[in-house]
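Here is what each chain is made of, one letter per residue.
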Amino acid sequence: MKVLAVYPGSFDPVTHGHLDIIRRGSRLFDRIVVAILRNPEKKALFSLEERRRILVNATSGIPNVTVDSFDGLLVDYAHRRGARVIVRGLRALSDFEYEFQMALMNRRLDSSIETVFMMPSETYSYLSSRLVKEVVRLGGSVAGLVPPEVERRLRARVGNRLKGSRRPSRGKVQPRRRG
Ligand code: PNS
C-alpha cells in the first residue's frame, strides 16, 4: 500500500531545516504533501502565494513532493488527502512538549493518522524561521541556512539597508548534503 504523508507548517519562510526533513521524508514515504497553514489570524511575513512559490521552487528536484495549503483541522485535511502520516521535525528538547501535545490531540481527533517525528541534520538543529527573520532584520547573514531565493526575498522585505551587512564569522555556512 502506498503511504502518503503530510508535512504541515507555516513555512514563513522555509529553511534548510525544513528542506532537510522533506528530503528525508521523501525517501521514506511514497509521496509527501508539504501543506502550508492558511491562517489569516497569524500575521505572516510572506503571503501564502509567496510561500507556496518558494516551496515549489525549493522542492522542484524532489519528484515525490507536492505543495498545497490548508485551513481548519490538520487531521481533516490529512484525511481528505488520504494521508496516513503527519510528519513533524524535532530539533531540540524544547520542541518536544508542544509537538507531543499536538500529536496526541491529533491522534485523539483521528486515530487512523500517525504522527512521525524526524530529526534534521544536526547542522540545522538550532535553525528556525523566526531566528532567520530576526537575523536578517538586524543585518546578519543567513547564507547557507535558507535557499538563496529566500535570502534575497528576506533582504528585500526586512533587511536593513545599512552597507555591509554582517557576515558569518568563519566563512560561509554550507548546507550538508546528507546527515
Ligand atoms: O510551522 P508551525 O507553525 O509549527 O506549524 C504548526 C501547524 C500548522 C502544524 C499547526 O498549527 C496546525 O496543525 N494547525 C492546524 C489547526 C489544527 O489542526 N489544530 C489542532 C492541532 S492539535
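Keep in mind that this is a model prediction, so the values were computed, not measured.

Caption draft 1: Here's a closer look at the pattern of salt bridges. In total, this model carries 14 salt bridges according to the counting rule given. For Glu 49, the salt bridge goes to Arg 53, with nearest N and O atoms at 3.6 Å. Here Arg 53 and Glu 49 lie together in helix α2 (residues 48–58), a separation of four residues that amounts to about one turn. Residue classification places Glu 49 among the partly exposed positions, given a relative accessible area of 35%. Take Arg 53: its relative accessible area is 40%, and that puts it in the partly exposed class.

Caption draft 2: Region of the structure containing empty space enclosed by the protein. Overall, the coordinates contain two cavities of 30 Å³ or more when judged by the stated rule. When its volume is computed, the largest cavity comes out at roughly 40 Å³. Leu 74, Ile 86, Arg 88, Glu 99, Met 102, Ala 103, Asn 106, Thr 115 and Phe 117 are the residues that line the largest cavity. Among the secondary structure elements, those contributing two or more residues to the lining of the largest cavity are β4 (85–89), α4 (93–109) and β5 (114–118). Counting residues per element, the lining of the largest cavity draws most heavily on α4, which supplies four residues. Class assignment for the residues of the lining of the largest cavity results in five nonpolar, two polar and two charged.

Caption draft 3: Up close: a nonpolar patch on the surface. Residues Leu 93, Phe 96, Phe 100 and Leu 104 make up a contiguous nonpolar surface patch of about 420 Å² in total accessible area. By secondary structure assignment, the location of Phe 96 is in helix α4. Judged by its relative accessible area of 38%, Phe 96 is partly exposed.

The rules we used
Residues numbered from 1 in each chain as written. Predicted model: local features only at pLDDT ≥ 70, side-chain atom pairs only at ≥ 80, totals over all residues. Heavy atoms only, no water. Salt bridge = Lys/Arg side-chain N within 4 Å of Asp/Glu carboxyl O. Helix = DSSP H or I, 4+ residues; strand = E, 2+ residues; numbered from the N terminus. Buried < 20%, exposed > 50% of the residue type's maximum accessible area, 1.4 Å probe, protein only. 1 Å grid on protein atoms, 1.4 Å probe; cavity = no way out; pocket = protein on both sides within 12 Å on 5 of 7 lines; lining within 4 Å. Points joined across faces, edges and corners; volume = space filled by probe spheres on them. Nonpolar A, V, L, I, M, F, W, Y, C, P; charged D, E, K, R; others polar. Patch = residues over 30% accessible without salt bridge, like charges linked within 9 Å, V, L, I, M, F, W, Y side chains within 5 Å. Areas by Shrake-Rupley, 256 points an atom, 1.4 Å probe, with all protein chains shown as cover.

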